[in-house]
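Report on the structure
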Amino acid sequence: MAVLKVKFTKTKRDKLAQILWILNWISVVSGIILFSLGLFLKIEIKKRNEVMAKGDINSVPNMLISVGVIACIINFLGGKICYDCSDANKFSRWKLVMLPYIVCTFCFTFCILVGALMCYTMRNELEESLYLGLRDAIKFYKDTDIPGRCFLKKTVDMLQIGFQCCGNNGFRDWFEIQWVSARYLNMASKEVLDRLKSNVDGKFLVDGVPFSCCNPSSPRPCIQYQLTNNSAHYNYDFLTEELNIWVKGCREALLDHYTAIMRSIGIAALLIWLFELSVLIGVRYLQTAMKNVLLLGDLEGESDGWLLENSFVETAKYNINIIKNLGKANQISTVSGMNDPNINVQNANCGKTNVTKSIPAA
């Protein structure tokens, strides 16, 4: 029994073809939107490439860009097919093409769904990439005179100012590394030498942060050195230092930024998927209705259209049997010697003949 069978008159078939022609052109625009969203996400990731570790974080934007391009091509072709389906004579040219087209379009719409879901599953990979990238960027913050790293100080400072964050996980990350270059340290100072000797690795570690961590909304001048020493500053308690510096880590700030972008892109991709799926259903109805018109031979009469010619279970069993039987036609069974081309073939004697010699009687 056919699934969701609908009866179409000639007027209904013509209107369905016209509506699908318009919807396919709208789908071309949706493909351009998918392409633009993927390109936008790729550019946004590229902006912070210096503070991200190399990984598969570009898989989502690349997926959206590819799907957007394919959408434009498929829907352009679909518009042409639906336009010709208003005429039964023109439909005969596409009769053999429509079913493969519907199958390809179904796979394509599934790719849109996968791309939308990937926007929500990318967070873990992005978080790890940001953690490793920010850790290295902060580590090389002081290397302003080393080629390949001299830009990291500006990058990190602009990042902390723009996203109102400090450090990787928080401002205390700056306490664990030497972020002041040795060229700016007074090696004649006893305090500097004592700090260098007190550290096993010979690093100049301070309980301070770069100026870019300062909060401009602070009611007092920014305190960026000796943050945990209450006696070093008047009327100061380091437990309330959020009044002076940003306490939110840059990894969390960037993760929230990209998560918001990907959530919006994911919602847009899901809406486009639903729209493409509805167009695909309409094309399937049009294809089956026009096919049945040709079988009936009455181009002006009514015809049935459906999503599946048989039930879901029967269709699934039929397709599974087709998959199982793939290639079996070319196989040669050798069970018990069946179909063996060498069976029942007489062996040649290589030119020898058995001659019976008679012995003369004595």
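Just so it is clear, the structure is predicted and the values come from calculations on it, not from any experiment. (Residues numbered from 1 in each chain as written. Predicted model: local features only at pLDDT ≥ 70, side-chain atom pairs only at ≥ 80, totals over all residues. Heavy atoms only, no water.)

Bringing the overall build of the protein into the picture now. Helix and strand counts for the protein stand at 8 helices and 2 strands. Along the chain direction, N to C, the helices and strands of the protein fall in the order β-α-α-α-α-α-α-α-β-α. Residues classed as buried in the protein amount to 38% of the 362 residues present. In the protein, once contacts between residues fewer than 6 apart in sequence are set aside, the share between residues at least 24 apart is 73%. Accessible area of the protein: about 22200 Å², with a carbon and sulfur share of 61%. (Helix = DSSP H or I, 4+ residues; strand = E, 2+ residues; numbered from the N terminus. Buried < 20%, exposed > 50% of the residue type's maximum accessible area, 1.4 Å probe, protein only. Contact = heavy atoms within 4.5 Å. Areas by Shrake-Rupley, 256 points an atom, 1.4 Å probe, with all protein chains shown as cover.)

Following the UniProt record, one finds the feature "transmembrane region" (unreviewed entry) at residues 20–40, 60–78, 98–120 and 265–286. This span, residues 60–78, is 100% helix and 0% strand, and a straight line between its end C-alpha atoms measures 26 Å. Its end C-alpha atoms 34 Å apart, residues 98–120 is made of 100% helix and 0% strand. (UniProt positions renumbered as here; feature names shortened; annotations may be inferred.)

Covalent bonding between the sulfur atoms of two cysteines defines a disulfide. What the rule picks out here adds up to 3 disulfides. Here C214 connects covalently by a disulfide to C222, the sulfurs 2.0 Å from one another. Looking along the S-S bond of the C214-C222 disulfide, the torsion reads about -80°, which is the left-handed sense. If you count the bonded cysteines of the protein from the N-terminus, they pair up as 1-6, 2-3, 4-5. The thiol of C111 is not disulfide-bonded; the next cysteine sulfur, from C107, is found 7.2 Å away. (Disulfide = S-S within 2.5 Å.)

The next subject is empty space enclosed by the protein. Counted under the stated rule, the structure contains 2 cavities of 30 Å³ or more. Quantified by volume, the largest cavity comes out at close to 40 Å³. As for the largest cavity, its lining consists of N24, N75, Y101, T105, E276, V279, L280 and V283. Residue assignment for the lining of the largest cavity shows that the elements contributing at least two residues are α3 (88–121) and α7 (250–296). Among the elements that line the lining of the largest cavity, the one with the most residues is α7, at 4 residues. In terms of residue class, the lining of the largest cavity is built from 4 nonpolar, 3 polar and 1 charged. Its boundaries defined by the atoms lining it, the second largest cavity holds a volume of some 30 Å³. Residue lining of the second largest cavity: L34, M63, L64, V67, C111, I112, G115, A116 and A269, and that is the complete set. Taken together, the elements giving at least two residues each to the lining of the second largest cavity come down to α2 (59–84) and α3. At 4 residues, the largest contribution of residues to the lining of the second largest cavity is made by α3. Considering only residue class, the lining of the second largest cavity consists of 8 nonpolar, 1 polar and no charged. (1 Å grid on protein atoms, 1.4 Å probe; cavity = no way out; pocket = protein on both sides within 12 Å on 5 of 7 lines; lining within 4 Å. Points joined across faces, edges and corners; volume = space filled by probe spheres on them. Nonpolar A, V, L, I, M, F, W, Y, C, P; charged D, E, K, R; others polar.)

All right, on to the pattern of salt bridges then. This structure, assessed with the given rule, holds 10 salt bridges. Taking the shortest distance from any N to any O, the salt bridge between D143 and K142 comes out at 3.8 Å. We classify D143 as buried; its relative accessible area is 9%. Residue class for K142 comes out partly exposed when judged on its relative accessible area of 25%. Here K153 ties to D157 by a salt bridge, and the two come within 3.0 Å at their closest N and O atoms. With a gap of 4 residues between them, K153 and D157 both fall in helix α5 (residues 152–163), about one helical turn apart. Assessed through its relative accessible area of 30%, K153 is described here as partly exposed. Counted as one network, the salt bridges with shared partners bring together K142, D143 and R149. (Salt bridge = Lys/Arg side-chain N within 4 Å of Asp/Glu carboxyl O.)

On to helix α4 (residues 123–139), then. In this model, α4 (17 residues) spans 24 Å end to end at C-alpha, consistent with the 24 Å of a helix rising 1.5 Å per residue. Listed in full, the buried residues belonging to α4 are L126, S129, L130, G133, L134, A137 and I138. The buried residues of α4 all sit within an arc of 145° when viewed along its axis, so they share a single face. When the buried face of α4 is taken as reference, the exposed residues oriented beyond 90 degrees from it are N124 and E128. On its buried face, α4 is in contact with α5 and α7. (Expected span 1.5 Å × (residues − 1). Arc of directions from axis to C-beta.)

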